[in-house]
Amino acid sequence: MTVLKLSETAENILRDVWMAEEEGKRLKVDSVETEALEELKREGLLTVDGGIIKLTDKGRKKAEKIVRLHRLAERLLSDILGFKDVEEHACKFEHLIDDEAEEAICTLLGHPQVCPHGRKIPQGHCCIEKETEVEKVIYRLSELSPGDEAEVKYTVADDRETRMLISAGIIPGVGLKVIRVYPAFVIQIENTQFALDKKLADAIYVVRRG
């Protein structure tokens, strides 16, 4: 099945329309970027009627998924990582979560029903099935040991650190191997090794391989 890939701006519009409707409001066309709006119209995800943006059935399903990822990200950042202000980070994080990580995060969190702000989290397949077999699947890179292999799922870093990680190719989906953990954290990606300090190793979240 082909996965529909939208720009982050387009995904944000879908999320905002869904959340506005949740509050009994409507999003006006002059409040969003025209290019992203046209992208969503081309994909059949929304329509515009009298200056008001309306979700199609297809768009509502996609928007609900984005809202679910956003609110799961808020719970993860708040409950597990101890973030106080989760909104800004969740807005970035939600775009990085794939289906596998989504279900793992939801199960790890015990299938939460509401976000830290008390708003309902749309259910996913794992909630309906009450999956419990996954206890902890996501680790900080700093928790791994020499010889461990893993796949990067996401990072939680500031803009400068994020640029450093991207320039080193440490992005979601990349496989790596831990070479050593002291005095610096050294990882290998393909044929290149990188040394990371503890803060950067803490900022990288991975799923073990093997």
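Residues numbered from 1 in each chain as written. Predicted model: local features only at pLDDT ≥ 70, side-chain atom pairs only at ≥ 80, totals over all residues. Heavy atoms only, no water.

A. A look at the overall build of the chain. A tally of regular secondary structure across the chain gives eight helices and eight strands. Each of the three principal axes of the chain carries a C-alpha extent, and together these read 60 × 35 × 35 Å. Buried residues in the chain amount to 43% of all 210 residues. Expressed as a percentage of contacts within the chain between residues at least 6 apart in sequence, the contacts between residues at least 24 apart total 64%. A total accessible area of about 11,700 Å² is found for the chain, and carbon and sulfur atoms account for 48% of it. Charge separation in the chain, taken as the distance between the mean sites of 32 positive and 40 negative side-chain charges, equals 2 Å. (Helix = DSSP H or I, 4+ residues; strand = E, 2+ residues; numbered from the N terminus. Buried < 20%, exposed > 50% of the residue type's maximum accessible area, 1.4 Å probe, protein only. Contact = heavy atoms within 4.5 Å. Areas by Shrake-Rupley, 256 points an atom, 1.4 Å probe, with all protein chains shown as cover. Lys, Arg positive; Asp, Glu negative; His and termini not counted. Charge placed at Lys NZ, Arg CZ, Asp CG, Glu CD.)

B. Fine view of the pattern of salt bridges. Per the counting criterion, the structure on display carries 15 salt bridges. As a salt-bridge pair, K54 and D49 come within 3.4 Å of each other at their nearest N and O atoms. Owing to a relative accessible area of 34%, K54 belongs among the partly exposed residues under this scheme. Note that K65 is salt-bridged to D99, the shortest N-O span being 3.1 Å. With a gap of 34 residues between them, K65 in helix α3 (residues 57-80) and D99 in helix α5 (residues 99-108) connect regions that are remote in the sequence. Where salt bridges share partners, they join K65, R68, D99 and E102 into one cluster. (Salt bridge = Lys/Arg side-chain N within 4 Å of Asp/Glu carboxyl O.)

C. Seen up close, helix α7 (residues 159-167). A distance of 3.2 Å separates the backbone nitrogen of R160 from a side-chain oxygen at the start of α7, and that oxygen is part of D158. One or two residues past the end of α7 sits G169, with phi positive at roughly 80°. (Polar contact = N/O pair within 3.5 Å; in protein donor to acceptor, adjacent residues only side chain to side chain.)

D. Expanded view of the packing of aromatic side chains. As enumerated under the stated definition, the model contains zero aromatic pairs in all. In this structure, R208 is placed above the aromatic ring of Y139, and the distance from its NZ or CZ to the ring centre is 4.4 Å. (Phe/Tyr/Trp six-rings, centres within 6.5 Å; stacked < 30°, edge-to-face > 60°. Lys NZ or Arg CZ within 6 Å of the ring centre and 35° of its normal.)

E. Quick look at unusual backbone geometry. Cis geometry is adopted by the peptide bond preceding P183, which originates at Y182 and carries an omega value of 5°. Relative to the helices and strands, P183 is located in the loop between β5 (175-180) and β6 (185-189). At E190, a position not held by glycine, the phi torsion is positive, near 55°. With respect to the secondary-structure elements, E190 resides in the loop between β6 and β7 (192-196). Judged by relative accessible area, which is 69%, E190 ranks as exposed.

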